[in-house]
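Close look at the chain arrangement
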Amino acid sequence: MENQETTISLPSIKLQNLTHLSDYIPHLPKHPNPLDHNQYFRPFSGFYITPTDVILHNVLHDVSIKSPPPNDGGHLAYHRAGPRKEIFFEPTEVRAAVVTCGGLCPGMNTVIRELVVGLWDLYGVREIYGVKMGYRGFYSSDFVQLDKKLVHTWHKSGGTMLETSRGGFHLNKIVDAIQDHGLNQIYIIGGDGTMRGMVEIFNEIKRRKLNIAVAGIPKTVDNDVGIIDRSFGFQTAVEMAQQAISAGHVEAESGVNCIGLVKFMGRRTGHIALYATLASRDVDCCLIPENDFYLEGKGGLFEFLEHRLKENGHAVLVVAEGAGQDMIPRTEQQQQERDESGNPVFLDVGVWLKSELKKWWARDHPNELFTVKYIDPTYMIRAVPANATDNLYCTLVAHSAIHGAMAGYTGFVSGPINGNYAYIPVEGVARTKNEVNTNDHKWAWVRSVTDQPDFMRRYSTATN
Ligand code: ATP
Ligand code: MG
């Protein structure tokens with residue numbers, strides 16, 4: 001059969017511009033990329049990425065749309081990550097620092113390792129420092145000098161060898177310390193809060209017109225960072241989460257009228273709960289922050305579980321930590337409570353659900369056996385080393401960040417978009433979040449494999 005093709009024209013493209021050090025520091029000298037002479041690389045035509053190489057954010061397009069509709073902002077595009085032919089740092093003059101902030105996530109040590117080894121091997125940088133204890137470490141602790149040998153096996157360990165913390169963000173103290181130590185490349189690994197801090201550091205460095213590149217690598221085990229495909233550590237987390245569901249299932253099956261209740265991380269988003277539910281297929285009901293639920297009455301959780309227990313003698317209930325937070329009674333003090341970074345403190349939805357389930361059963365079935373086996377694998381999941389896929393991701397994302405900083409870009413984050421690595425202005429990443437879309441196929445499939453109630457129906461009927 002003849003190959004039939006139709007030619008279509010692309011919609012308008014809106015390129016997300018990056019800040020370059022030369023935008024505010026005139027006459028910055030350029031240098032040839034040392035990869036030209038690296039014994040392992042043979043730069044071929046197209047090896048170096050040019051500023052016109054872009055990655056489209058939305059790869060779906062309706063070809064029947066011939067011209068962009070009025071007010072169409074255009075398809076978003078981002079600069080492609082990778083080595084540039086000319087760089088803006090003389091490698092022997094680079095003094096780089098790496099910092100990790102926020103909670104743990106599988107792969108943090110791999111990212112640190114690959115930043116060190118990448119700077120060392122790709123560009124010949126020798127002055128690389130680890131900032132301990134998160135942001136506060138810039139001004140309150142000695143740096144650790146990092147070298148290729150020291151970090152050699154770090155990817156095999158969970159956690160962060162640099163230690164992490166929350167809070168301690170004092171902008172001027174941090175930027176003063178960066179200046180005092182003569183640092184000129186800062187690599188920041190952290191979650192949404194860390195990225196908001198990075199925006200401030202980047203703006204202050206720009207305001208002071210300093211020749212310092214700031215690069216971010218988003219870390220969030222919950223996969224709640226927007227724009228990028230997924231964050232490192234997420235696949236490892238889902239694998240571990242699946243194991244926790246299996247344990248919950250075994251416990252539930254082995255008891256009488258037993259519910260295996262498994263709680264996963266996910267304050268704002270239920271991605272881990274959703275993916276692990278779909279992967280395991282042992283789950284009877286999956287509760288996530290994006291989809292409010294209720295306990296009592298028609299179509300409620302209790303009624304559903306009652307049917308499942310009658311049918312199967314057991315049930316597995318998965319809940320993301322941010323689900324049901326509005327339903328848990330809080331003391332006035334708990335309402336005001338914040339962690340060191342200023343985030344609201346979440347109450348343990350698993351402990352609350354367990355207690356509510358027990359109260360319900362004792363009330364409605366006073367003479368029947370009933371057990372809830374509650375599994376909270378949070379720290380077990382966060383603390384493991386990255387699996388093979390995440391380890392490779394960490395390597396590529398770290399090397400992308402290095403190429404970007406060496407090329408003089410600043411205030412950017414590196415991450416995958418549609419499977420390709422891109423540089424994204426940090427403000428965009430700090431602003432957006434990746435929520436579960438409860439109207440899409442994945443969530444519909446969760447409902448299909450669990451046959452759980454459509455809790456939203458009651459809410460929509462109540463508001464209609
Ligand atoms: P995760 O929530 O995934 O564990 P995170 O980066 O969001 O990671 P946080 O504890 O919220 O973790 O923040 C990490 C660091 O960023 C802390 O040092 C905190 O002080 C700082 N930070 C958080 N929010 C801001 C903000 N709006 N402006 C400046 N700094 C911030
Ligand atoms: Mg956070």
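Residues numbered from 1 in each chain as written. Chains lettered and ligands numbered in written order. Predicted model: local features only at pLDDT ≥ 70, side-chain atom pairs only at ≥ 80, totals over all residues. Heavy atoms only, no water.

1. A look at the overall build of the protein chain
What counts here: Strands are runs of DSSP state E lasting at least 2 residues, helices are runs of H or I lasting at least 4, and numbering of each runs from the N terminus. The reference for a compact globule is 2.2 Å times residues^0.38; the radius of gyration itself is calculated from the C-alpha atoms. Three labels apply to residues, based on accessible area from a 1.4 Å probe with only protein chains included: buried if under 20% of the type maximum, exposed if over 50%, partly exposed otherwise in between. By definition, residues are in contact when any of their heavy atoms lie within 4.5 Å. Residue-level accessible areas treat just the shown protein chains as cover; the underlying method is Shrake-Rupley with a 1.4 Å probe. Residues scored as positive are Lys and Arg, those scored as negative are Asp and Glu, and His as well as the terminal groups of each chain are ignored. For charged residues, the charge sits on one atom: NZ in Lys, CZ in Arg, CG in Asp, CD in Glu.
Across its full length, the protein chain carries 15 helices and 18 strands. Taking 23 Å as the expected radius of gyration for a compact globule of 464 residues, we find that the protein chain reaches 25 Å, a close match to that expectation. Considering only C-alpha atoms, the protein chain reaches an extent of 80 × 65 × 40 Å along its principal axes. In the protein chain, which comprises 464 residues, the proportion classed as buried is 52%. Here the analysis covers contacts within the protein chain between residues at least 6 apart in sequence; of these, 78% occur between residues at least 24 apart. Total accessible area on the protein chain stands at roughly 21700 Å², and carbon and sulfur atoms take up 50% of it. Of the charged side chains in the protein chain, 45 are positive and 52 negative; the average position of the first set lies 3 Å away from that of the second.

2. Side note on the domain arrangement of the protein chain
As a measure of interface size, the accessible area lost when the parts come together is often cited. Test applied: The split into domains, and so the bounds of each, comes from an automatic or database assignment of domains. Buried area is a sum: the accessible area each of two parts loses on coming together, probed at 1.4 Å, counted once for each and added. Every case where a carboxyl oxygen of Asp or Glu lies within 4 Å of a side-chain nitrogen of Lys or Arg is listed as a salt bridge. Nitrogen and oxygen atoms within 3.5 Å of one another constitute a polar contact, given that in protein one can donate a hydrogen and the other can accept it, and given that sequence-neighbouring residues count only through two side-chain atoms.
Each assigned domain of the protein chain is listed with its residue range as follows: domain 1 (13–231 + 386–431) and domain 2 (234–382 + 438–463). With centres defined by C-alpha atoms, the gap from domain 1 to domain 2 works out at 36 Å. Domain 1 puts 18 residues into the contact, and the matching count from domain 2 is 18 residues. Both sides of the domain 1 and domain 2 interface together cover about 1600 Å² of buried area, and 43% of this is carbon and sulfur. For the domain 1 face of the interface with domain 2, the top three residues by lost area are Arg166, Val221 and Asp222, together amounting to 34%. Linking domain 1 with domain 2 are three salt bridges, by the criterion used here. The partner of arginine 136 in a salt bridge is glutamate 340, with the nearest N and O atoms 4.0 Å apart. Where domain 1 meets domain 2, there are eight residue pairs in polar contact (both at pLDDT 80 or more).

3. Topic: helix H2 (residues 108–123)
Basically, it comes down to this: Multiply 1.5 Å by the residue count of a helix minus one, and that product is the helix's expected span.
For H2, which comprises 16 residues, the first-to-last C-alpha distance of 22 Å matches the rise-based estimate of 22 Å (1.5 Å per residue) to within 8%. In terms of residue burial, H2 counts as a mostly covered element, since 15 of its 16 residues are buried. At the exit of H2 stands glycine 124, carrying a positive phi of roughly 75°.

4. Examining the UniProt feature "domain: Phosphofructokinase" (unreviewed entry) in the protein chain
Note the cut-off: UniProt positions are given in the numbering used here, feature names are shortened, and annotations may be inferred rather than shown by experiment.
Residues annotated in UniProt with the feature "domain: Phosphofructokinase" (unreviewed entry) correspond here to residues 95–403. Summarising residues 95–403: 42% helix, 16% strand, and an end-to-end C-alpha distance of 15 Å.

5. Description of the site of ligand 1
Cut-off, in case you're wondering: If a single non-hydrogen atom of a residue is within 4 Å of a molecule or strand, that residue counts as near it.
With respect to spatial proximity, 16 residues lie near ligand 1, and among them Gly103, Gly167, Asp192, Thr194 and Ser341 are the closest. At 2.9 Å from an oxygen atom of ligand 1 is found a main-chain nitrogen or oxygen belonging to glycine 193. A distance of 3.2 Å separates a nitrogen atom of ligand 1 from a polar side-chain atom of glutamate 200. Summarising the interface, the protein chains cover 83% of the accessible area of ligand 1, which totals 620 Å² for the free molecule.

6. Things to note about the packing of aromatic side chains
Stated precisely, the cut-off is as follows: When the centres of two rings from Phe, Tyr and Trp lie within 6.5 Å, Trp using its six-membered ring, the rings pair. Their planes under 30 degrees apart give stacked, over 60 give edge-to-face, and anything left gives tilted. Whether a charge sits over a ring depends on NZ of Lys or CZ of Arg being within 6 Å of the ring centre and within 35 degrees of the ring normal.
Inspection of every chain in the model, using the stated rule, returns 17 aromatic pairs. Where phenylalanine 44 meets phenylalanine 47, the ring centres are 5.5 Å apart and the plane angle is 80°; that geometry is what we call edge-to-face. When its relative accessible area of 54% is taken as the criterion, phenylalanine 44 is described as exposed. Among the residues examined, phenylalanine 47 registers a relative accessible area of 12% and is labelled buried. Both rings, one in tyrosine 409 and one in tyrosine 423, keep their centres 6.0 Å apart while their planes meet at 50°; by these two values the pair is tilted. Of this pair, tyrosine 409 sits in strand S16 (residues 409–410) while tyrosine 423 sits in strand S18 (residues 420–425), placing them 14 residues apart in sequence. Members of the aromatic cluster, joined through ring pairs, are Phe41, Phe44, Phe47 and Tyr48. The ring of tryptophan 120 is capped by arginine 126, whose NZ or CZ atom sits 4.0 Å from the centre of that ring.

7. Some points on helix H6 (residues 234–254)
Here H6 spans 30 Å end to end across 21 residues, near enough to the 30 Å set by a 1.5 Å rise per residue. In this structure, the buried side of H6 is in contact with strand S12 (258–264), helix H7 (271–280), strand S14 (314–320), strand S15 (371–375), helix H11 (378–382) and helix H12 (388–406).

8. A word on the nonpolar core
Inclusion rule: Nonpolar core, defined: a set of buried Ala, Val, Leu, Ile, Met, Phe, Trp, Tyr and Cys residues in which side-chain atoms within 4.5 Å join the residues together.
In this structure, Val111, Leu115, Phe138, Ile186, Tyr187, Phe232 and Phe264 are the most contacted members of the largest nonpolar core, which totals 115 residues. For this core, the element with the most residues is H2, which contributes 10 residues. A domain split of this core shows at least three residues from each of domain 1 (13–231 + 386–431) and domain 2 (234–382 + 438–463). Not counting residues within four places of it along the chain, the set of residues in contact with phenylalanine 264 comprises Ala241, Ala244, Ile245, Ile272, Ala273, Ala276, Val318, Val319, Ala320, Glu321, Pro377 and Ile381. Core analysis: the second largest hydrophobic core is formed by 27 residues, Ile259, Cys285, Leu287 and Trp361 among them.

9. What about the confidence of the model for the protein chain?
Parts of the model with low pLDDT should not have their predicted coordinates read in detail. Rules: The pLDDT value tells you how sure the predictor is about a given residue, anywhere from 0 up to 100.
Confidence along the protein chain averages 93 in pLDDT terms, with 96% of residues attaining 70 or more. Interface predicted TM-score (ipTM) for the complex: 0.99; the corresponding pTM is 0.94.

10. Topic: the sheet that holds S15
Threshold: Paired strands, in this sense, are two strands between which DSSP finds at least two bridges. Between N-to-C directions, angles cover 0 to 180 degrees, with each direction set by a line fitted to C-alpha atoms, over the stretch in contact for helices.
The strand order across the open sheet formed by four strands is S13-S14-S12-S15, and the pairing between neighbours is parallel. In this open sheet, the two edge strands, each paired with only one partner strand, are strand S13 (285–287) and S15. The sheet shows a mean angle of 20° between the axes of neighbouring strands, direction not considered. Pairing analysis gives three bridges linking S13 to S14, with the strands arranged parallel. Its bridge partner being in S14, cysteine 285 is matched across the sheet by leucine 317.

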